[in-house]
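# Residue-level structural notes
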Amino acid sequence: MRRAQFAMLISVLALGACGDGTLRTFGSDDRSPEEFDIVPNQPLETPVNFAELPAPTPGGANRADQQPLGAAVAALGGNPAALSATGVPSSDAALVNAASRFGRSAGIRTTLAQEDAEFRRRKSLFNWRLVPDNEYNRAYRSQSLDAYTWLRNVRQPGSNVATPSAPPQER
């Protein structure tokens, strides 16, 4: 009986060691072709008049190439032309002006990405583990908020915070 228990324990430990830790990694590092990246071209069309064809643009878009993102936007009722638009759309100009009334940095996304990478590197410097863990969650654990704790705090008597909606009740 003891041998069977010992063999079961060894089997469970061996199976547990087989994991490669990619459960939370969305992507593949195996360099194999991705079958969903292959998109067939649209059928070729013969123009009515060859003299009216536009001049070729090296490196430009080909009319026969598929545009899967644009097709998805059009299928959902959006404007595919908005995908290639540069700058702030006129419909969002008032929002951007209100949000940037105290100034804005043009390279804020790059700056934030660099600062985030540096923050996670500092947090994981002396924080190695025998069992792999989610490094992102571990680095930001101290900055997470508990919705129910804050809900109880703002609903206390004397709090002047309106709470028109709330998360579902705890179970």
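Because the structure is predicted, anything quoted here is derived from the model rather than measured. (Residues numbered from 1 in each chain as written. Predicted model: local features only at pLDDT ≥ 70, side-chain atom pairs only at ≥ 80, totals over all residues. Heavy atoms only, no water.)

### Thoughts on the overall build of the protein
Per the secondary structure count, the protein includes six helices and zero strands. Going residue by residue from the N terminus, the α and β elements of the protein occur as α-α-α-α-α-α. The buried share of the protein, taken over its 171 residues, is 5%. As displayed, the protein has an accessible area near 16,200 Å², and 58% of this comes from carbon and sulfur atoms. (Helix = DSSP H or I, 4+ residues; strand = E, 2+ residues; numbered from the N terminus. Buried < 20%, exposed > 50% of the residue type's maximum accessible area, 1.4 Å probe, protein only. Areas by Shrake-Rupley, 256 points an atom, 1.4 Å probe, with all protein chains shown as cover.)

### Details of a nonpolar patch on the surface
A cluster of nonpolar side chains, contributed by Phe 6, Leu 9, Ile 10 and Leu 13, occupies part of the molecular surface with about 420 Å² of accessible area. By the secondary structure assignment, Ile 10 is in helix H1 (residues 2–16). Ile 10 sits in the partly exposed class, given a relative accessible area of 43%. (Patch = residues over 30% accessible without salt bridge, like charges linked within 9 Å, V, L, I, M, F, W, Y side chains within 5 Å. Salt bridge = Lys/Arg side-chain N within 4 Å of Asp/Glu carboxyl O.)

### Looking at the layout of surface pockets
Volume-wise, the largest pocket comes out at about 440 Å³. The wall of the largest pocket is formed by 15 residues, among which Leu 53, Pro 54, Asn 62, Arg 63 and Ala 64 lie closest to the centre. Of the residues contributing to the lining of the largest pocket, the split by class is nine nonpolar, four polar and two charged. (1 Å grid on protein atoms, 1.4 Å probe; cavity = no way out; pocket = protein on both sides within 12 Å on 5 of 7 lines; lining within 4 Å. Points joined across faces, edges and corners; volume = space filled by probe spheres on them. Nonpolar A, V, L, I, M, F, W, Y, C, P; charged D, E, K, R; others polar.)

### Concerning the environment of Pro 68
Along the chain, the position of Pro 68 falls in helix H2 (residues 68–75). Separated by 29 residues in sequence, Pro 68 and Val 39 place their C-alpha atoms 8.2 Å apart.

### Points about the side chain of Asp 116
Residue position: Asp 116 is located in helix H4 (residues 108–123). Judged by relative accessible area, Asp 116 falls into the buried class, the value being 19%. Beyond its immediate sequence surroundings of up to four residues, Asp 116 is in contact with Tyr 136 and Tyr 140. (Contact = heavy atoms within 4.5 Å.)

### Concerning the confidence of the model for the protein
If pLDDT is low for a region, its predicted coordinates should not be looked at in detail. Mean pLDDT for the protein: 77, with 80% of residues reaching 70 or above. Averaged pLDDT values for the elements of the protein fall to 72 in helix H5 (residues 135–140) and rise to 88 in helix H3 (residues 93–99). (pLDDT = per-residue confidence, 0-100.)

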